[in-house]
Amino acid sequence: MEFQITIAGEAGQGIARSADLISRDFVSRGLYVFNYRDYGSLIRGGENFNLLRISNKPVYSNNWKSDFALVFGRFSGHHLKKLNMGGTSIGTLPGVKTSFNTHDMLKKIGAPSISANSILLGALYKAMDQPLNNLMTQMNVFGKHAGINKKAAQLGYDQYGGQVKPISFSKGKGPRYFVSGSEAVAYGAVSSGLDLYLAYPMTPATPVLHLLANLKNQDIRAVQLENEIGVINAALGAGYAGATTMIGTSGGGYALMGEALSLQGMSEIPLVVYMAMRPGPATGIPTYTGQGDMKFVVNGGHGDYSKVVIAPGDPLEAFERTTEAFYLSQKYRVLNVILSDKHLAESNYTFDKKPVVKVKPQRFLTKPGKNFKSYKVTADGVSPRAAAGTSLVRATSYEHDEFGYTTEDRGIANTMIEKRLRKARTLEKAVSKLSPVKTYGTGDNLVISWGSTKGAILDAIKEVKGTKFLQIVYLKPFPSSRVKTLIEKSKNVVIVENSATGQIADLIAENTGHSASKKILKYDGRPFGQKELVAKLRRAFK
Amino acid sequence: MKINMETPVQNTWCPGCPDFLILSAAKKAVSELVESKQAKHTDFVATTGIGCHGKIYDFINVGGFYGLHGRAIPVANGIVLGNPNLKVMVFAGDGDAYAEGISHFVHSARMNPNYALFVHNNKIFALTTGQMTPTTEKGFKGKSTPKGAPFIPMNPISIALEFGASFVAREYAVDIKNLTKTMKAAIKHKGFAFIDILQPCLSFHDFTEYVGKRIYRFKGPLEYTKAMKKAKEWDYSMNPKAKIPMGIFYKERRQTLEEAVDSKTWHTAHPKRKINARLWDSFKV
């Protein structure tokens, strides 16, 4: 059993809220909902829409055609062409199968114009033959406005006289978790021992700032600072003072942070960066999705230094992998980037299980004596770290000796550079124990991808026989031998990426010597739809 | 008890550079505060940018963060957010704080983090061998401006006042007695305490004679509008008629950044944090 609902209207008409109410109702009844959110860079006016793909089996992606469409805005008529055979539409526009004069209906019950969506939601429940009470329960979230919205929903339900396409299913068992990538990163960070989150607003990273700033009952702080350069330098200052710190941004902000990313490499102060991509170059398409900043993030920062780049593929992984990011960053004094994108950050996924966390949050702070060596030369390249104020602790952007005093001596410079290089090997070993790649399905056909494309690929390969999916979770250090072996074992290899060039192919070539010539790419700011990807994979593996 | 303010690092400033005087004033301020038990030696932390001033990181025996050019201020903002009990001294240059790092300078004045900011103002980029900075006078002939600097200088004192700095002073490196006194006052002030320290560059921009003849001390701090008026007496040009007021222009007690966000010393407040499974449970529908 599977169906999809489109909810489209003008920004400010309660589109996202309507999608959330329906989602939560079906999820509470044990179904799996994937909620795709499409919005422009505007606050009022213009078009927003959500796509809710709903199934009794797990779904991690949307399609581009729906079975039901709620259409209320001036700009949303095009959704009427994106209905499956036998699909139905409800709304306020001419051309919809069942049209409502919401203005007059609301006037009759004395409801504000913002409640128009509630009328249409009521009608939708009738069209799906679903108990209206379920929707009413979800409407309690409106608080003192719940009553009037329930009234409006009842009116829509009662007056709907169009086609009824009953949705029938048996209630699913067990708990269901409905979560976005932003929520998973934010809460994952808190679970990893976060003290401070510093940021400057930038879509699509901003929801994490909002979530953490509004988080209650957790002793953490989220602070908005003057700009991205201020943010990252302050984060390193806070880390020097002993705080566990994360910062968040998107591509443009990450570019501004570039110089201080390299400062992290030299100063070896732990730092976690949440980097949520959108299509570039420059301002690009700010509220849409893309994976085109990957090579920039993997290679960013001047000079040779070790870093970790982790790309979770869904919110469950985002929660789990965020804990790894903090652990590795604190233990090995490295930069750790959690690479996400708008699609993962702002889509809601349904899970029936809890994250499995493999590492414990720890500060890895030592109690220093006098004459503390911040940059002690060690066999594994990792120097013990102490918080400022517990001794005369030094941190520096210059090449330095073990104490952190500036040096230009070539012998000491070599020793310190080699110390930092040894850390890269230590990191590789640590990461190899954290499932840096994951595989799904079996067959001679191999799909290689990373990040938020995971959802559409998992949903698509079920319909493409003999296909295995290799998800590369750790982009740096790159799990070369695992990737190499899998490529060599497969007959056909295809790259899937939400970018114009398929950057993962370059990373694979650099690390394994294998070039992947077949690529399925999408770079219009939209994620892959499930059926769309099925068709593209079938063509690629023909 | 006497504390050791010396480091083993060889000093590489030009002989006779007034930076030596700023260094000795800072050492004196710190050791007096520690020896009179007003602060612990390990509480002191210096952040620096890049430029001649930044070398002070290697020459003063306190904790230190040798940051990037222009970024000594945001690093310090992070330090006080991470541990509000540290005594932070921010050493910056004029190119550093007023060119590359101007956004941090003005916004930190608003945010009012609790630290002392000492700007070594030689009105020149010295470590890059003599180019104009934002406080260089119009007409200055340097390597990048052979026909003379084309722009008017900025006035960091009035800008700091405009942006809400809660302690604003100007000192002259050569007057080490007053410099030490004001540095101590700045360290003790709760909030963003800024001193623009005039520090002629003997190699590339020696304005010793100009400043030496024109400075005078006034009794501060002043009420805000009077402080602003006093700040505008000298516009950082080489106007032969100018008088240069020295001292504390303005001082007020205002909520600090750390107070505003209720920050704390995180690693002692929460030595061990735990994975909180309930957080995932909050996504349960």
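Just so it is clear, the model here is predicted, and its values are computed rather than measured.

Thresholds, definitions, all that
Residues numbered from 1 in each chain as written. Chains lettered and ligands numbered in written order. Predicted model: local features only at pLDDT ≥ 70, side-chain atom pairs only at ≥ 80, totals over all residues. Heavy atoms only, no water. Helix = DSSP H or I, 4+ residues; strand = E, 2+ residues; numbered from the N terminus. Expected span 1.5 Å × (residues − 1). Buried < 20%, exposed > 50% of the residue type's maximum accessible area, 1.4 Å probe, protein only. Polar contact = N/O pair within 3.5 Å; in protein donor to acceptor, adjacent residues only side chain to side chain. Pairing = 2+ DSSP bridges. Axes fitted to C-alpha atoms, helices over the stretch in contact; angles between N-to-C directions. Right-handed = clockwise from strand over helix to strand, strands pointing away. Contact = heavy atoms within 4.5 Å. Domains from an automatic or database assignment. Buried area = accessible area lost by both parts, 1.4 Å probe. Salt bridge = Lys/Arg side-chain N within 4 Å of Asp/Glu carboxyl O. Nonpolar A, V, L, I, M, F, W, Y, C, P; charged D, E, K, R; others polar. Core = buried A, V, L, I, M, F, W, Y, C linked by side-chain atoms within 4.5 Å.

For an α-helix, 3.6 residues make a turn, and residues three or four places apart therefore share a direction. All names here are of chain A. Its 18 residues give helix H12 (residues 315-332) an end-to-end C-alpha distance of 25 Å, which sits within 8% of 26 Å, the value for a rise of 1.5 Å per residue. Among the 18 residues in H12, 17 count as buried, and that is most of the element. The backbone nitrogen of Leu-316 lies 3.1 Å from a side-chain oxygen of the residue at the head of H12, namely Asp-314. A positive phi of about 55° marks Arg-333, the residue just after H12.

Turning our eyes to something else, we now look at the sheet that holds strand E18 (residues 467-472) of chain A. Strands belonging to one sheet form pairs held by backbone hydrogen bonds; the direction of such a pair is parallel or antiparallel. Residues and elements named next belong to chain A. Ordered by their spatial adjacency, five strands build an open sheet running E16-E18-E17-E20-E21, and the pairing between neighbours is mixed. A single partner strand is all that each edge strand has here, and the edge strands are strand E16 (437-440) and strand E21 (519-521). Taking each pair of neighbouring strands and ignoring which way they run, the sheet shows an average axis angle of 20°. By the bridge criterion, four bridges tie E16 to E18 in an arrangement that is antiparallel.

Here the focus is the pairing of strand E12 (residues 307-310) of chain A. All names here are of chain A. Of the two faces of E12, both are covered, the one formed by Lys-307 and Val-309 as well as the one formed by Val-308 and Ile-310. With respect to chirality, the unit in which E12 leads through H12 into the neighbouring parallel strand E13 (residues 335-341) is right-handed. Where E12 lies against strand E19 (residues 474-476), two bridges are found, and the strand directions are antiparallel. Bridging from a neighbouring strand, Ile-310 pairs with Tyr-474 of E19.

Right, let's talk about the interface of chain B and chain A for a bit. Counting residues at the interface gives 51 residues for chain B and 69 residues for chain A. For the pair chain B and chain A, the interface holds 28 residue pairs in polar contact (both at pLDDT 80 or more). Secondary structure elements with two or more residues in the side of chain B that touches chain A: helix H2 (56-59), strand E2 (63-66), helix H3 (72-82), helix H5 (102-111), helix H11 (266-269) and helix H12 (277-281) of chain B. Element by element, the count of residues in the side of chain B that touches chain A is highest for H3(B), at seven residues. Bridge count for strand E15 (residues 394-396) of chain A against E2(B) is three bridges, and the pairing is parallel. Of the residues in E2(B), the one forming a bridge with A:Ala395 is B:Phe65.

So, on to helix H4 (residues 132-139) of chain A. The element H4(A) is extensively covered by neighbouring structure, given that six of its eight residues are classed as buried. Regarding H4(A), the residues found buried are A:Leu132, A:Asn134, A:Leu135, A:Met136, A:Gln138 and A:Met139.

In this fold, A:Gln138 is placed in helix H4. Those residues in contact with A:Gln138 that lie beyond four places of it in its chain are A:Leu21, A:Arg24, A:Asp25 and A:Ser28.

Here the focus is the sheet that holds strand E9 (residues 221-224) of chain A. Residues and elements named next belong to chain A. Strand order across the open sheet formed by seven strands is E9-E8-E10-E11-E13-E12-E19, with mixed pairing between neighbours. The strands lining the two open edges of the sheet, one partner per strand, are E9 and E19. Taking each pair of neighbouring strands and ignoring which way they run, the sheet shows an average axis angle of 20°. Taken together, the four bridges between strand E10 (residues 245-249) and strand E11 (residues 271-277) define a ladder with parallel strand orientation. By the bridge assignment for E11, Gly-248 is matched with Tyr-274. Set on the sheet, H12 makes contact with E10, E11, E12, E13 and E19; between it and E13 the angle comes to about 160°.

The peptide bond linking A:Gly280 to A:Pro281 adopts the cis configuration, its omega dihedral lying at -5°. Residue B:Pro221 follows B:Gly220 across a cis peptide bond; omega there is -5°. Within the secondary structure, B:Pro221 sits in the loop between strand E7 (215-217) and helix H9 (224-231). At B:Tyr236, a position not held by glycine, the phi torsion is positive, near 70°. By the secondary structure assignment, B:Tyr236 is in the loop between H9 and strand E8 (244-251).

This brings us to the domain arrangement of chain A. All names here are of chain A. The domains assigned to chain A are domain 1 (2-159), domain 2 (178-351) and domain 3 (437-541). For domain 1 and domain 3, the distance between their C-alpha centres works out to 35 Å. Facing the 10 residues of domain 1 at the interface are 13 residues of domain 3. Interface area for domain 1 against domain 3, summed over the two sides, is near 820 Å², with a carbon-plus-sulfur share of 45%. When the area that domain 1 buries against domain 3 is broken down by residue, the three leading residues are Tyr-60, Asn-63 and Trp-64, summing to 52%. Inspection of the region where domain 1 meets domain 3 yields one salt bridge. Between Arg-53 and Asp-459 there is a salt bridge, with the nearest N and O atoms lying 3.0 Å from each other. Where domain 1 meets domain 3, there are seven residue pairs in polar contact (both at pLDDT 80 or more). Residues that form the side of domain 1 that touches domain 3 fall into these classes: five nonpolar, three polar and two charged.

With that settled, consider the nonpolar core. One recurring pattern in soluble globular proteins is that nonpolar side chains are buried together. Residues A:Leu339, A:Leu475, A:Ile504 and B:Phe194 are the most contacted members of the largest nonpolar core, which totals 108 residues. When residues are assigned to domains, this core turns out to be shared by domain 2 (178-351) and domain 3 (437-541) of chain A, each giving three or more. Those residues within four positions of B:Phe194 in sequence are excluded, and the remaining contacts are B:Tyr98, B:Phe105, B:Leu117, B:Val119, B:Pro156, B:Ile157, B:Ala160, B:Phe167, B:Val168 and B:Ala169. Formed by 75 residues, the second largest nonpolar core is a distinct cluster that contains A:Val190, A:Leu209, A:Val382 and A:Leu427.

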